[in-house]
Amino acid sequence: MTPHQGAPSARATTRPQRPASQPGPGEWAGQLAAEWAPTVGRVLLGLVLAWFGYHELVQPSVWTGYVPVVSGQTLLVLLVLAHGWLLLVLAVALVAGIAVRAVAAVAVLLLLQIVASLTMSNGLSDLVLRDVGVLGLAVCLTATTRQRLVLRG
C-alpha cells in the first residue's frame, strides 16, 4: 500500500501542539475581555451618567420636559438639578470604582425612572430604547463580582 492509498501517514495527521501555557489568540482575547469588560463597562456607564448629569446641572430648563408628572417651573427645575447631581455622584463613584455593585444598583433604579419617564412623556422611541440598553449595562454591573481598578477599603 502506498502512502496515497489507505490510511494516512502519521506525519500528515499530526499537528504541532501549542504548549498548554500559551493560549491561542481567541482564548487570549476571551480572557482579556473577561478580565476587563466589567471595568470598561463601568467606566463607560460612568461617562454616560456624567455627561447627562453635567448637562442637567448646566441647563436644567432644557430637561424639565422629561418630568411628566410635576407642574410648576421652579419645582421642575429643582427636580432636574437634584437628578443631575445624583447622576454626577453616581458617575464619579463608578469611574473611581467605589462600591461598584451598590452604585450600579442605584443606577438601575435611576435608569428605570428615566425609562419610565421617557416612555410616559414620549412613548416608545429611540431615546427609550437607548436608555434600556444603558439600563441593561447597569443591571450587568450589579451582578459582576470581579472588577479591576477599584478603591477598596
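Thresholds, definitions, all that
- Residues numbered from 1 in each chain as written.
- Predicted model: local features only at pLDDT ≥ 70, side-chain atom pairs only at ≥ 80, totals over all residues.
- Heavy atoms only, no water.
- 1 Å grid on protein atoms, 1.4 Å probe; cavity = no way out; pocket = protein on both sides within 12 Å on 5 of 7 lines; lining within 4 Å.
- Points joined across faces, edges and corners; volume = space filled by probe spheres on them.
- Helix = DSSP H or I, 4+ residues; strand = E, 2+ residues; numbered from the N terminus.
- Phe/Tyr/Trp six-rings, centres within 6.5 Å; stacked < 30°, edge-to-face > 60°.
- Buried < 20%, exposed > 50% of the residue type's maximum accessible area, 1.4 Å probe, protein only.
- Core = buried A, V, L, I, M, F, W, Y, C linked by side-chain atoms within 4.5 Å.
- Contact = heavy atoms within 4.5 Å.

Enquirer: What should I look at first to understand the layout of surface pockets in this one?
Expert: Where empty space is left in the structure can be found by rolling a water-sized probe over the atoms. Of the pockets and cavities examined, the largest pocket occupies roughly 540 Å³. Lining the largest pocket are 25 residues, with Glu 56, Tyr 66, His 83, Gln 113 and Ile 114 sitting closest to its centre. Elements supplying a minimum of two residues to the lining of the largest pocket: α2 (25-58), α4 (73-96), α5 (100-122) and α6 (126-143). Looking at the lining of the largest pocket, the element that brings in the most residues is α5, giving seven residues.

Enquirer: It is not clear to me how the packing of aromatic side chains should be interpreted in this structure. Could you clarify?
Expert: Any pair of aromatic rings gets described here by the distance separating the centres and the angle formed by the planes. As enumerated under the stated definition, the model contains two aromatic pairs in all. Seen in terms of ring centroids, Phe 52 and Trp 63 are 5.8 Å apart; in terms of plane orientation they differ by 85°. Their pairing is edge-to-face. Of the two residues, Phe 52 sits in helix α2 while Trp 63 sits in helix α3 (residues 60-63), which places them eleven residues apart along the sequence. Taking the relative accessible area as the measure of exposure, Trp 63 reaches 19% and is therefore buried. Pairing Trp 63 with Tyr 66 gives two aromatic rings, centres 5.8 Å apart and planes at 45°, and the pair type is tilted. Exposure remark for Tyr 66: the relative accessible area of 32% places this residue in the partly exposed category. Through a chain of ring-to-ring contacts, three or more aromatic side chains come together here, namely Phe 52, Trp 63 and Tyr 66.

Enquirer: Looking at this model, I keep getting lost on the nonpolar core. Mind explaining?
Expert: Proteins that are soluble and globular tend to have nonpolar side chains buried together. One finds Leu 45, Leu 49, Leu 90, Leu 94, Leu 111 and Ala 138 to be the most contacted residues of the largest nonpolar core, which totals 22 residues. Elements with a minimum of two residues in this core: α2, α4, α5 and α6. In terms of residue count, the dominant contributor to this core is α5 (ten residues). What Leu 94 contacts, discounting residues up to four positions off in sequence, is Arg 42, Leu 45, Gly 46, Leu 49, Val 100, Val 103 and Ala 104.

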